[in-house]
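# Notes for the structure review
Here is how the chains run, residue by residue.
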Amino acid sequence: MSARRVAVITGGANGLGRAAALRLAEEDREIAIWDWDAAAAKRTIAELNRHEAKALAVHVDVASPESLEAALTTTRDFLGPVDILVNAAAIIGVDASVLETPLEEWDRVLAVNLTGTYLASRLVVGGMAERGWGRIVNFTSGARHGTPALIPYAVSKAGIVPITRAFAREFTSRGVLVNAVQPGRALTNMVLSRVPEETVRNPPVAIGRYADPEEVAEVVAFLTSERNTYMSGGVVPVDGGG
Ligand SMILES: NC(=O)c1ccc[n+]([C@@H]2O[C@H](COP(=O)([O-])OP(=O)(O)OC[C@H]3O[C@@H](n4cnc5c(N)ncnc54)[C@H](O)[C@@H]3O)[C@@H](O)[C@H]2O)c1
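Residues numbered from 1 in each chain as written. Predicted model: local features only at pLDDT ≥ 70, side-chain atom pairs only at ≥ 80, totals over all residues. Heavy atoms only, no water.

A count of helices and strands for the chain gives eight helices and seven strands. Against the compact-globule benchmark of 18 Å for 242 residues, the chain has a radius of gyration of 17 Å, which places it among compact chains. The dimensions of the chain, computed from C-alpha atoms along their principal axes, are 45 × 35 × 35 Å. On the chain, roughly 11,300 Å² of surface is accessible, and the fraction owed to carbon and sulfur atoms is 54%. Distance from the positive charge centre (24 side chains) to the negative charge centre (28 side chains) of the chain: 5 Å. (Helix = DSSP H or I, 4+ residues; strand = E, 2+ residues; numbered from the N terminus. Rg over C-alpha atoms; globule rule 2.2 N^0.38 Å. Areas by Shrake-Rupley, 256 points an atom, 1.4 Å probe, with all protein chains shown as cover. Lys, Arg positive; Asp, Glu negative; His and termini not counted. Charge placed at Lys NZ, Arg CZ, Asp CG, Glu CD.)

What links the strands of a sheet is backbone hydrogen bonding, and the strands pair in either a parallel or an antiparallel sense. One open sheet accounts for seven strands, arranged β3-β2-β1-β4-β5-β6-β7; its pairing is parallel. Single-partner strands in this sheet number two, and they are β3 (55-59) and β7 (235-238). With direction set aside, neighbouring strand axes in the sheet form an average angle of 20°. Bridging between strand β1 (residues 6-10) and strand β2 (residues 30-35) involves five bridges; their strand directions are parallel. From the neighbouring strand, Thr-10 faces β2, where its bridge partner is Trp-34. Contacts from helix α4 (residues 103-131) reach β1, β2, β4 (84-87), β5 (134-139) and β6 (176-183) within the one sheet, and its direction differs from that of β4 by about 170°. (Pairing = 2+ DSSP bridges. Axes fitted to C-alpha atoms, helices over the stretch in contact; angles between N-to-C directions. Contact = heavy atoms within 4.5 Å.)

What follows is about the nonpolar core. Counting 35 residues, the largest nonpolar core has Trp-34, Val-60, Leu-68, Leu-85, Met-128, Ile-136 and Val-176 as its most contacted members. Sorting the residues of this core by element identifies β1, β2, β3, α3 (65-78), α4, α5 (151-171) and β6 as the ones contributing at least two each. In terms of residues, this core owes the most to one element, α4, which gives eight residues. Once residues within four sequence positions are removed from consideration, Met-128 is found in contact with Val-82, Asp-83, Ile-84, Leu-85, Trp-133, Gly-134, Arg-135, Ile-136 and Val-176. Ranked by size, the runner-up nonpolar core spans 31 residues in total, among them Ile-9, Ala-20, Ala-186 and Ala-211. (Core = buried A, V, L, I, M, F, W, Y, C linked by side-chain atoms within 4.5 Å. Buried < 20%, exposed > 50% of the residue type's maximum accessible area, 1.4 Å probe, protein only.)

Closest axis-to-axis distance for the α3/α4 pair is 10 Å, and the angle between their directions is 40°. Classified by the angle their axes make, α3 and α4 are oblique. In the packing of α3 onto α4, the handedness of the crossing is right-handed. Judged by residue contacts, Pro-65, Leu-68, Glu-69 and Leu-72 of α3 engage Gly-116, Leu-119, Ala-120, Leu-123 and Val-124 from α4. (Parallel < 35°, antiparallel > 145°, perpendicular 65-115°, else oblique. Left-handed = near helix turned anticlockwise from the far one by under 90°.)

See the structure below:
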């Protein structure tokens, strides 16, 4: 059994973030879901409560510093200081060629995926370092190597790697271990609408199937645990062999 600690999961209402929230609750963490999908967050909180986890949903836009600051205040008031941050919130954006990607789309995807991860991390890492213990897990993607038609998403996910390394470099010596996971393909809301039926039947993954969100959550649980004593600054693929 792990220590009672407070874990914030951005994007924890759905998909991989939701699975991480449920898995971290099994580690006896108290959970704050920071998500802008209030209806889904409510459902996930109900599920967490059924498992007797202490949990709180905060309506947040991770691209907004004010929204994040308000969420931290609410979380501290109800649960206490934040020990663990999982930055799962992201959007995929619209498919378009490089020349046709609207500038607003570029700005929106980078604001949520990249700036959101940076802002949320920046907000909580100082407190973790002061208390001498913290864990941060960011979400990158194989798309970081370049994906046709999703350039803002690819760029945002590439940027997660230097953010992860910079925070790790600066805060590991003060007890805050910072890593990224790189999921392969999981049939969450983000990908379901984009994957043709034939691909769903025949996934182009070495392991021959899509990931269950719980398989990614298991790695997040380890990286955020007391059992992780030496991993920081890494990018961990959870991609069924690619
Ligand atoms: N599903 C996959 O196969 C896959 C593969 C590689 C990487 N990832 C990464 O995993 C993470 C989770 O993705 P997912 O597949 O679970 O997606 P998802 O769409 O199911 O969940 C994303 C969550 O983020 C929330 N969100 C989006 N924008 C937000 C904002 N501005 N403020 C607050 N919350 C916001 C959504 O409401 C949603 O709950 C993402 O970072 C994604 O890039 C997913």
